[in-house]
Amino acid sequence: MSDPQLVLADRVRAALAAAFGPSFADTDPVIRPSQFADLQANVAMSLVKPLTQERGEKQNPRRIAEEIVARLDVEGLVSKVEISGPGFINLTLADGWIAARAQDALEDDRLGVPEDENPEKVIVEYSSPNVAKEMHVGHLRTTIVGDAIARIGEFLGENVVRDNHVGDWGTPFGMLIEHLLDIGVAAAERDDSSVSDLTAFYQAARQKFDSDPEFAARSRTRVVRLQAGDPDTMRLWQVLVDVSKRYFNHVYARLGVTLTDDDIKGESFYNDLLNPTAQELTDKGIAEISDGALVVFPPGFKGREGDPLPVIVRKSDGGYNYSTTDLATIRYRSDTEHADRVIYVVGAPQSLHFQMAFSVARMAGWVKGGMRLEHAEIGNVLGTDGKILRTRAGGTVKLAELLDEAVERAGAEFDKLNHDESFDAATREAIVEAVGIGAVKYADLSVARDSEYIFDFDRMISFKGNTGPYLQYAATRIRSIFRKAGTSPDDAHGPIRLEDPAERALALHLLGFGAAVKSAYEAAEPHRLATFLFELASSYTSFYENCPVLKAPDEATKQSRLALCALTLRTLVTGLDLLGVPTPERM
Ligand code: ARG
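Conventions we followed
- Residues numbered from 1 in each chain as written.
- Predicted model: local features only at pLDDT ≥ 70, side-chain atom pairs only at ≥ 80, totals over all residues.
- Heavy atoms only, no water.
- Helix = DSSP H or I, 4+ residues; strand = E, 2+ residues; numbered from the N terminus.
- Buried < 20%, exposed > 50% of the residue type's maximum accessible area, 1.4 Å probe, protein only.
- Contact = heavy atoms within 4.5 Å.
- Areas by Shrake-Rupley, 256 points an atom, 1.4 Å probe, with all protein chains shown as cover.
- Lys, Arg positive; Asp, Glu negative; His and termini not counted.
- Charge placed at Lys NZ, Arg CZ, Asp CG, Glu CD.
- UniProt positions renumbered as here; feature names shortened; annotations may be inferred.
- Phe/Tyr/Trp six-rings, centres within 6.5 Å; stacked < 30°, edge-to-face > 60°.
- Lys NZ or Arg CZ within 6 Å of the ring centre and 35° of its normal.

S.K.: Looking at this model, I keep getting lost on the overall build of the protein chain. Mind explaining?
M.R.: When helices and strands are tallied, the protein chain shows 22 helices and 13 strands. With the C-alpha coordinates aligned to their principal axes, the bounding extent of the protein chain is approximately 85 × 75 × 40 Å. Here the protein chain holds 587 residues, and 51% of them are scored as buried. For the protein chain, long-range pairs separated by at least 24 residues make up 73% of all intrachain contacts whose partners lie at least 6 apart in sequence. Summing over all exposed atoms, the protein chain offers an accessible surface of approximately 26300 Å²; the carbon and sulfur share of this is 50%. Looking at the protein chain, you have 64 positive and 88 negative side-chain charges, and the mean spots of the two groups are 2 Å apart.

So, in structure tokens, the structure goes:
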């Protein structure tokens with residue numbers, strides 16, 4: 001274990017047990033970075049109450065801190081312990097310990113981050129675009145954030161199941177199929193734009209549906225046939241699904257998103273489970289008939305007038321809806337997939353829907369054995385005017401055009417850099433693609449996922465500040481040191497010695513990688529990892545400014561600094577990869 005916070009927490013717990021008895025070993029010592037030392041243990045204050053109770057005499061937090069320190073075994077790990085204020089315990093780590101742990105990380109394929117010994121089965125549901133509709137910036141964000149969560153969970157050794165809950169079912173398919181028949185299925189098969197331009201296709205179908213009664217009637221009949229599983233209708237439906245899948249895969253490939261066709265479990269997948277789900281809710285006495293519909297009233301949900309809010313399981317016309325599908329999905333994920341944790345990476349506006357669905361699932365007993373259902377809310381994406389992102393002409397922004405523009409702007413910024421070498425056209429193009437796409441992805445990942453976020457090209461494509469290009473550039477600058485030295489980062493073995501305060505600060509920061517990854521996974525908040533990487537790059541910059549590497553005063557110092565460079569590089573590249581941001585070899 002190399003994370004100082006975790007190591008110290010263990011030692012403090014041992015001291016608590018030794019000083020106050022084993023029942024205190026469970027107390028959370030809360031070890032945090034501090035202004036006055038490397039870390040601070042904040043535990044004495046919270047022990048005042050239980051110890052006062054036990055000892056029958058009012059306890060003083062400073063005295064408690066002294067008792068803990070007297071039992072604290074941190075030989076070789078901590079060089080200085082001080083009690084400050086009302087009982088904070090300030091801890092300064094020993095330089096030798098930090099250096100040794102950094103050396104361990106350098107020699108370890110996993111940078112000193114252990115795999116979870118008891119992996120959990122976690123379903124990460126993300127992207128979930130709709131068939132026969134263009135993906136929008138909201139889907140872009142759920143796709144990027146969800147992919148990062150899946151990658152991070154996998155790195156930690158969890159049993160990650162990616163799940164793309166594609167919207168591929170519902171009444172609009174009646175009109176879409178009829179429109180497809182009017183155009184001719186062959187058009188879809190040769191990827192003709194009359195079908196593959198999804199927005200135009202959808203709008204044309206809608207327009208006919210609204211203006212042509214004969215078409216509307218055919219569409220309704222078609223829905224009935226679709227729901228009955230009529231083979232010809234299912235084949236046509238599949239044609240539409242396939243056109244959309246090709247489009248989704250195109251977007252995923254360009255973004256470097258790890259979703260494949262095997263990860264798709266669309267709404268249609270749960271079709272056969274809707275009846276049994278409604279039946280189970282009825283049998284368990286949870287669902288009731290209200291105004292002809294089958295509904296559940298989960299406790300605590302009220303409408304504007306204080307009236308109880310229902311989850312509609314079956315409409316009065318007998319049809320099922322979005323909520324029914326989500327209930328069937330939870331039931332399946334519990335009973336069949338046996339998930340320990342399900343992370344729904346979906347827009348924040350659907351928060352009430354999920355809260356209510358989770359509540360019904362709990363009533364039905366589907367959330368069992370510590371299973372966790374979490375809505376990882378994704379905030380809206382706004383334009384620089386603070387409104388929902390639109391094109392200048394006021395239309396919806398097409399994803400492909402957005403990415404093209406990012407890459408084009410990345411190219412312009414890239415050309416302004418001071419390059420060590422010149423690049424041929426193909427190399428430049430590959431780098432610029434990685435920078436443009438990386439910039440868009442990192443911008444999504446670096447802010448708290450549930451906050452609204454302003455899509456601003458100028459900010460995200462800058463080579464300064466907390467941006468993708470800045471971190472990519474930082475990594476390539478380190479690679480260029482090794483090129484100048486005529487060695488490879490893989491051959492840097494130190495030994496790491498910490499003499500300059502900037503070396504020590506960098507090494508200490510590097511040891512926090514595992515904790516950052518873990519906390520990003522636990523909270524399903526990739527921005528925690530992004531923040532760690534940005535701070536690592538800043539820490540590296542002050543190291544680089546204060547500690548010459550190739551012109552180090554002696555060979556041992558040079559080797560130590562090269563090792564710190566190599567460890568920083570691998571941590572940056574690994575961390576960016578966990579976020580799904582590529583790092584070009586050269587820039
Ligand atoms: N297809 C939906 C949309 O585009 C998102 C699906 C979210 N997931 C779910 N289990 N309901 O808004």
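S.K.: Would you explain the UniProt feature "short sequence motif: 'HIGH' region" (unreviewed entry) in the protein chain in this entry?
M.R.: Within this structure's numbering, the places UniProt gives as "short sequence motif: 'HIGH' region" (unreviewed entry) are residues 129-139. Across residues 129-139 one finds 27% helix and 0% strand; the C-alpha atoms that close the span lie 6 Å apart.

S.K.: Help me understand the packing of aromatic side chains in this model?
M.R.: Geometrically, a pair of aromatic rings is defined through the distance of the ring centres and the angle of the planes. Per the stated rule, a full pass over the model turns up 18 aromatic pairs. Note on Tyr-247 and Phe-248: the rings are 5.8 Å apart at their centroids and 55 degrees apart in plane angle, and the pair reads as tilted. The two residues Tyr-247 and Phe-248 agree in class, both being buried. Note on Phe-455 and Phe-457: the rings are 5.1 Å apart at their centroids and 85 degrees apart in plane angle, and the pair reads as edge-to-face. Exposure remark for Phe-455: the relative accessible area of 6% places this residue in the buried category. Looking at Arg-110, its charged tip hangs above the ring of Phe-155, at a distance of 4.5 Å from the centre. One cation-aromatic arrangement involves Lys-265 over Phe-269; the distance from NZ or CZ to the ring centre is 5.8 Å.

S.K.: What is the right way to look at unusual backbone geometry in this model?
M.R.: Peptide bonds are, in most cases, trans, and in most cases residues other than glycine have a negative phi. In this model, Gly-494 is joined to Pro-495 through a cis peptide bond whose omega is 5 degrees. Note that Pro-495 resides in the loop between helix 18 (468-485) and helix 19 (501-510). Positive phi values are uncommon outside glycine, yet Asp-191 reaches one of about 60 degrees. Among the secondary structure elements, Asp-191 is positioned in the loop between helix 7 (185-189) and helix 8 (193-196). Of the residues examined, Asp-191 reaches a relative accessible area of 39% and is grouped as partly exposed. One non-glycine residue, Asp-291, adopts positive backbone phi at about 50 degrees. When you line up the elements, Asp-291 lands in the loop between strand 7 (288-290) and strand 8 (293-296). The class for Asp-291 is exposed, based on a relative accessible area of 79%.

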